[in-house]
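# Per-entry structural report
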Amino acid sequence: MLCRIWSIWMDSGQSHESVKGACYSCELFSGWSPAQAIQSPSSPWIEITRGIVITNASSRKAELQQDFGTDPVEMRDTDHYQKEYVHRFVDKWDELINWDARYASEGDFFIRLLKERGAKRILDVAAGIGFHSVRLVEAGFEVCSVDGSAEMLAKAFDNGRRRGHILRTIQADWRWLNRDVHASYDAVICLGNSFTHLFSESDRRKALAEFYAVLKHDGCLILDQRNYDAMLDNEFSTQHKFYYCGKQVSAEPEHMDEGLARFRYTFPDDSVYHLNMFPLRRDYTRRLMQEVGFQKISTYADFEEDTRQDDPDFFIHVAEKKYLASEDDTLNVSETTNLDKETV
Ligand code: SAM
């Protein structure tokens, strides 16, 4: 009999009919014949179907070390994010992002943005360890958590469970989002400097088009990014004061050029991990959003709406899908004096 939620895993070579399972809610463990588990052809080793998680334990164990090849600064491949979020790094991500400090620094910024737009159903497409999914569930939103990394999604699920929530999760790559996500949402959030993982323009356009498609007709996309302009133009002057709040962890750019931002993360036990990302320029991201069909793009600097900052850490773009057919293009320019909140 199914209790609230089962974690089901397959060892290598096992068929889908002979998986083992454990109930997260009552800790029961048993062999299980998962007649109700539907394995997604596109996501062979993790999916939740009516509260059932399927993970392939052996695949997860296999990825313990990061591997950037012989010349790490030449690794500029969108698909490589899967290999960067290895189990040990993901396990440490909670140290990198201190939940309480992050709650405090963000305040209710995203909650306000969503409520102002009447959003109720949210798709968190870069769930990571589940920080925003949990935050939004606790604020009363209906949330579905998506990530392309099974490691991250498993961590998100676990973090949610520890805080008393059963997160609804789907493993999906943004570039094929609508193949795996079959509902529509009032808002898509892509936070924590995640979009930067896409290395080619066609991948970025495809992902944005998929976000656009999964939104209701008047939905919005909230997507943030580091201030790479400052890093590219001012030699890494930007510090990590908002998002990476774990005090014992350092997160610094190790290499920057127009095609690569390579970050080094050093933990108190001296372990070191890296992420290779594409340094999105602020106006480039805004232009792409507009070109895939978003009608109005407002950009905030850090979490401030009203004050101008010269050197913010992060930009947060709010892209609205609601069609502005009758508006003259010239009216589409912000009339406010707040230069940090411009309108395309
Ligand atoms: N949003 C979280 C936060 O703010 O803590 C996590 C951010 S983490 C930096 C980026 C996440 O994006 C990772 O969990 C990664 O697996 C996911 N990701 C990167 N590229 C992706 C893609 N093409 N499709 C789906 N997820 C992707």
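What comes next concerns the included structure.

Rules used throughout
- Residues numbered from 1 in each chain as written.
- Predicted model: local features only at pLDDT ≥ 70, side-chain atom pairs only at ≥ 80, totals over all residues.
- Heavy atoms only, no water.
- Near = heavy atom within 4 Å.
- Polar contact = N/O pair within 3.5 Å; in protein donor to acceptor, adjacent residues only side chain to side chain.
- Areas by Shrake-Rupley, 256 points an atom, 1.4 Å probe, with all protein chains shown as cover.
- Helix = DSSP H or I, 4+ residues; strand = E, 2+ residues; numbered from the N terminus.
- Axes fitted to C-alpha atoms, helices over the stretch in contact; angles between N-to-C directions.
- Parallel < 35°, antiparallel > 145°, perpendicular 65-115°, else oblique.
- Left-handed = near helix turned anticlockwise from the far one by under 90°.
- Contact = heavy atoms within 4.5 Å.
- Nonpolar A, V, L, I, M, F, W, Y, C, P; charged D, E, K, R; others polar.
- Buried < 20%, exposed > 50% of the residue type's maximum accessible area, 1.4 Å probe, protein only.

## Observations regarding the site of the ligand
Near the ligand there are 21 residues, and of these Arg-102, Ala-126, Asp-147, Trp-174 and Leu-191 occur at the shortest range. Between the ligand and Leu-191, the relevant distance is 2.8 Å, taken from a nitrogen atom to a main-chain nitrogen or oxygen of the residue. In the complex, the protein chains occlude 99% of the 600 Å² of accessible area that the ligand would expose alone.

## Considering the environment of Leu-64
As for its position among the elements, Leu-64 is in the loop between helix H1 (57–62) and helix H2 (81–84). Measuring from C-alpha to C-alpha, the distance between Leu-64 and Arg-88 comes to 6.0 Å, with 24 residues separating the pair along the chain.

## Describing the packing of helix H9 (residues 201–214) against helix H11 (residues 282–291)
Two elements in contact, H9 and H11, have axes separated by 9 Å at closest approach and are oriented at 55°. Taken as axis vectors, H9 and H11 run oblique relative to one another. With respect to the hand of their crossing, H9 and H11 are arranged in right-handed fashion. Judged by residue contacts, Glu-201, Arg-204, Arg-205 and Leu-208 of H9 engage Tyr-284, Arg-287, Leu-288, Met-289 and Glu-291 from H11. When the residues that make up the contact of H9 with H11 are grouped by side-chain class, the tally is four nonpolar, no polar and five charged.

## A few points about helix H6 (residues 131–138)
The element H6 is extensively covered by neighbouring structure, given that six of its eight residues are classed as buried. Among the residues making up H6, those that are buried are Phe-131, His-132, Ser-133, Val-134, Arg-135 and Leu-136. Structurally, H6 contributes buried residues whose contacts are with helix H4 (99–106), helix H5 (109–116), strand E5 (121–124), strand E6 (142–147), helix H7 (150–162) and strand E8 (185–190). At the C-terminal side of H6, Gly-140 shows a positive phi close to 95°.

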